[in-house]
Amino acid sequence: MTLLCLENISVEFTTRDGCVEPLNCIGFDLDDGEILGLVGETGSGKSVTAQAIMGLLPFLDGRVSQGRILFKDVDLLSLSESEYQQIRGNRISLISQNPMTSLDPVYRVGNQIVEGLRLHLNISRSDAAKRAKAVMTSLGIANSEKVFSQYPHQLSGGLKQRIVIAMGLCADPELLIADEPTTALDVTVQAQIIELFKKTTRDRHVGLIMITHDLGVIAHLCDKVVVMYAGTVVERGDVATVFKNPRHPYTLSLLGCIPTFGMAQKTLNAIPGNVPSVRTFPSGCRYHPRCFHAKPVCVKHSPETIRTSKGTLVKCHMFSPDWRKDSEKVG
Ligand SMILES: Nc1ncnc2c1ncn2[C@@H]1O[C@H](COP(=O)(O)OP(=O)(O)OP(=O)(O)O)[C@@H](O)[C@H]1O
Ligand SMILES: [Mg+2]
């Protein structure tokens, strides 16, 4: 059953220098218990996508300007803030981009989990503590009793990260969004944490959106992949098919620099050219200035999203029937 469906979502922010649109007509979906990887270079709109799903944009001078976000049978964009609070942190949890900042240094970690739980669930302090310790143990924290009463600075990076994951999982969410949860960790711990995500989400049948720069993580962990570029989704489909048959020139370039899982993360910036900023998104296909195949049509018109023979979706003029007729290349 479909857990989450984003349909043609565009997002705008009001800034001092005017309005910006970091997301333009993006869409994807994931089923119950599925793991979806969201990948793209910096500024492509991954975190904004997470903020849109979590209903956090109004707090950031932003809004969804078009589209629908369906969570099971609920149209999230039609909810009032108090209705959203029933879902946020409860049925949908976010592990935000810098998890180390999610922990307050002056409170014992156990109390932080308990407070979070009691905010979302109507349970007693002692029940919340029991639940927190059980989740900590299930996440491989052997001495959960001791860790429960420690302060964040007393814990290693890997352990802190497990606590943040525990905070995300305690309320038993149906959907977890993890925004680059392993960037601050060393490679060995990264691999352990990714394993932990895999096991925990599978065991609990939790849907997971994993936001990452690391294609190795996507290959190892995810069922589906959504490739974002400059506020658009350029390619999406199941991981095995997209990795075996990448169609979009951007996906091809990304896969040209894929690291093996567990290796030091290679940045995606190895692709020649610069990532455009939200104020200077190019006309037509936003990837055209960096694309070796670009033709005039790519400069003028934004491509349609087309279903390939393999069942994946790609937003590129090369797959339109008119492509061959337009023989002139750009640059
Ligand atoms: N509150 C905001 N107001 C204005 N612009 C914003 C705001 N938040 C994000 N943006 C812009 O939206 C664009 C997408 O940002 P986002 O944080 O989603 O990128 P990202 O893909 O998560 O990048 P990274 O990999 O660096 O985390 C960026 O150009 C960013 O400057
Ligand atoms: Mg981000």
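Overview of the structure. (Residues numbered from 1 in each chain as written. Chains lettered and ligands numbered in written order. Predicted model: local features only at pLDDT ≥ 70, side-chain atom pairs only at ≥ 80, totals over all residues.)

1. Section: unusual backbone geometry
Right, so step 1: Notably, Asn8 is not glycine yet its phi reads approximately 45 degrees, a positive angle.
Right, so step 2: Positionally, Asn8 belongs in strand β1 (residues 2-15). (Helix = DSSP H or I, 4+ residues; strand = E, 2+ residues; numbered from the N terminus.)

2. Description of the sheet that holds strand β8 (residues 207-212)
Neighbouring strands of a sheet are bound in pairs by backbone hydrogen bonds; such pairs are parallel or else antiparallel.
Right, so step 1: Strands sit in the order β6-β7-β8-β3-β9-β10-β12-β11 across an open sheet of 8 strands; the sheet is mixed. Looking at the sheet topology across the chains shown, the edges are occupied by β6 (92-95) and β11 (305-307). In this sheet, adjacent strand axes meet at a mean angle of 20 degrees when their direction is disregarded.
Right, so step 2: In this sheet, strand β9 (residues 224-229) lies alongside strand β3 (residues 35-39) in parallel orientation, the contact comprising 4 bridges. In the strand pairing of β9, Val39 is matched with Val227.
Right, so step 3: Sheet strands touched by helix α7 (residues 187-204): β3, β7 (175-179) and β8. Its angle to β8, the strand with the most contacts, is close to 160 degrees. (Pairing = 2+ DSSP bridges. Axes fitted to C-alpha atoms, helices over the stretch in contact; angles between N-to-C directions. Contact = placed C-beta atoms within 7 Å.)

3. Focus on α7
Right, so step 1: In a regular helix each residue adds 1.5 Å, so 18 residues correspond to 26 Å; α7 covers 26 Å between its end C-alpha atoms and thus fits that length.
Right, so step 2: Those residues of α7 not exposed but buried are Gln190, Ile193, Ile194, Phe197, Thr200 and Thr201. Axial view of α7: buried residues confined to an arc of 135 degrees, hence all on one face. Exposed residues lying more than 90 degrees from the buried face of α7 are Thr188, Arg202 and Asp203.
Right, so step 3: Packing partners of the buried residues in α7 comprise β3, α6 (157-169), β7, β8 and α8 (215-221).
Right, so step 4: Two residues or fewer past α7, His205 is found with a positive phi of approximately 55 degrees. (Expected span 1.5 Å × (residues − 1). Buried ≥ 20, exposed ≤ 12 C-beta atoms within 10 Å, placed from the backbone. Arc of directions from axis to C-beta.)

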